[in-house]
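Residue-level structural notes
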Amino acid sequence: MNLQSYLAKSSKETNEALLRFFPKKFSGKWFKRYFRSPEFALDETALQKSVVDPIWDFLDRGGKRWRPGLLLLACEATGGNRKKAVPFTVLPELIHNGTIMVDDVEDSSTLRRGKPSTHLLFGVDVAVNAGNAMYFLPLLKLFSGPSLDAKTKSKIYDLYVREMVFLSFGQATDIHWHHGYSNKVSESEYLQMCSFKTGSLSRFAAQLGAILGGASEKQVAAFADFATSIGVAFQIQDDILNLVPSEGWGKETGDDISEGKRTLIVIRAFSVLPKKKKRRLIKLLDSKTTSVSEIQEAISILSECGAMDYASSVAKKLVLKSWSRLDGVLKDSDSKKLLKEFAGYLIEREV
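Description of the structure in this document. (Residues numbered from 1 in each chain as written. Predicted model: local features only at pLDDT ≥ 70, side-chain atom pairs only at ≥ 80, totals over all residues. Heavy atoms only, no water.)

Broken down by element type, the protein chain carries 19 helices and two strands. Relative to the globule expectation of 20 Å for 351 residues, the C-alpha radius of gyration of the protein chain, 21 Å, shows essentially globular dimensions. A principal-axis box enclosing the C-alpha atoms of the protein chain has dimensions of 65 × 50 × 30 Å. Per-residue burial for the protein chain yields a buried fraction of 54% across its 351 residues. Contacts in the protein chain between residues at least 24 apart in sequence constitute 75% of all its contacts with a sequence separation of at least 6. When the accessible surface of the protein chain is split by element, carbon and sulfur atoms take 53% of a total near 15,900 Å². With 50 positive and 41 negative side-chain charges, the protein chain shows a separation of 4 Å between the mean positions of the two kinds. (Helix = DSSP H or I, 4+ residues; strand = E, 2+ residues; numbered from the N terminus. Rg over C-alpha atoms; globule rule 2.2 N^0.38 Å. Buried < 20%, exposed > 50% of the residue type's maximum accessible area, 1.4 Å probe, protein only. Contact = heavy atoms within 4.5 Å. Areas by Shrake-Rupley, 256 points an atom, 1.4 Å probe, with all protein chains shown as cover. Lys, Arg positive; Asp, Glu negative; His and termini not counted. Charge placed at Lys NZ, Arg CZ, Asp CG, Glu CD.)

Attention now goes to helix α18 (residues 307-327). Across its 21 residues, α18 extends 30 Å between first and last C-alpha, which sits within 8% of the 30 Å expected from 1.5 Å per residue. Considered for burial, the residues of α18 that qualify are Ala-307, Met-308, Ala-311, Ser-312, Val-314, Ala-315, Val-319, Ser-322, Trp-323 and Leu-326. In a view along the axis of α18, the buried residues occupy a sector of 160°, so they form one face of it. Facing away from the buried side of α18 by over 90 degrees, the exposed positions are Asp-309, Lys-317, Leu-320 and Lys-321. Of the surrounding elements, those touching the buried residues of α18 are α11 (187-197), α13 (217-243), α15 (264-272), α17 (292-304) and α19 (334-348). (Expected span 1.5 Å × (residues − 1). Arc of directions from axis to C-beta.)

On the surface, Phe-143, Tyr-157, Val-161, Val-165 and Phe-169 cluster together into a nonpolar patch covering about 420 Å² of accessible area. The partly exposed category is assigned to Phe-169, whose relative accessible area is 46%. (Patch = residues over 30% accessible without salt bridge, like charges linked within 9 Å, V, L, I, M, F, W, Y side chains within 5 Å. Salt bridge = Lys/Arg side-chain N within 4 Å of Asp/Glu carboxyl O.)

Attention now goes to the packing of aromatic side chains. Throughout the structure, instances matching the rule amount to 15 aromatic pairs. Centre to centre, the rings of Trp-30 and Tyr-34 are 5.3 Å apart; their planes meet at 55°, and the pair counts as tilted. Placement of the pair is Trp-30 and Tyr-34 together in helix α2 (residues 28-34), with a separation of four residues, close to one helical turn. Each member of the pair, Trp-30 as well as Tyr-34, carries the same accessibility label: buried. In this structure, Arg-67 is placed above the aromatic ring of Phe-234, and the distance from its NZ or CZ to the ring centre is 5.6 Å. In this structure, Arg-268 is placed above the aromatic ring of Tyr-310, and the distance from its NZ or CZ to the ring centre is 4.0 Å. (Phe/Tyr/Trp six-rings, centres within 6.5 Å; stacked < 30°, edge-to-face > 60°. Lys NZ or Arg CZ within 6 Å of the ring centre and 35° of its normal.)

A negative phi angle characterises most non-glycine residues, just as the trans form characterises most peptide bonds. Positive phi is not limited to glycine here, since Arg-65 has a value of about 55°. By the element assignment, Arg-65 lies in the loop between α3 (44-59) and α4 (66-77). When its relative accessible area of 5% is taken as the criterion, Arg-65 is described as buried. If you check the backbone angles, Ser-108 has positive phi at about 55° while not being a glycine.

Moving on, we come to the environment of Pro-116. With respect to the helices and strands, the residue Pro-116 is situated in strand β2 (residues 115-116). On the basis of relative accessibility, which here comes to 36%, the residue Pro-116 falls in the partly exposed class. Spatially, the C-alpha atoms of Pro-116 and Cys-194 are 26 Å apart, while their sequence positions differ by 78 residues. Non-local contacts of Pro-116, meaning those with residues more than four positions away in its chain, are made with Arg-61, Thr-110, Leu-111 and Leu-121.

This is the structure:
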């Protein structure tokens, strides 16, 4: 099986697992399955309209579903049972979609996966609450789903809490920077922000899969390192695609410019541009411009100085370095081959 077929299969399995876990029609029966009977009375219509509908509107838009694929590959590569791991794919996927829904509110994004952002369709209050619900809903699967021993549950829960805190730290750093406090941000600081913001759920998915597969501590650590690198590389490629998107991108071109974001591309440009062009770029970013001509001007400045090519090379080097460590702790298998191919796919994708 090639990687595209594998990801298509894991995506289908994840969608089915999501439906089994969190159906599109809210009911008291579902509530009682994971909790107890309500003390008084549930307003099922309110929960349907303000939690279930916005969540499923978002999930039904698709998405790459690559984090569940990474979870399953990590499980298989460490000798685990894929079928038993599939129900746990809802953990990284629901959390990931919740972070995007909230992120769109924080960034005032208007478009996501080819449709208006959730807060524009359902309201900011609904979007924030539904996004937050997706952070915690999947924990019900951990504690009420397939049988796991207490030690394994505790290990996964500790992993979840740590990575969720890191994710919030990464988002906080990114928000601070694009409020205009970032003209002296270093490349290393940017990579750490990406490790927190984008790498967290990659690490969570990979380590969760490895733990479910019965991996050794050394293997889990190698998966954490590998997942960090592909999460960071994914973010760097996302930054590049934001400026030069391919067909099917599904977001606004150059909205990172409008948000004033200091990406690795921008940081590199600051270090190589002549003073005059650097000042102009800073002015365009700080103005939070929505002018198409000014956005294109900023993109041209970033492209012409080689900053995009530089960012792409950094992503590739990170992944190659971390792969060498993971390669040394895994036995040869089809899953291992797909893991290596998987890393290349994330840093070379066009959507």
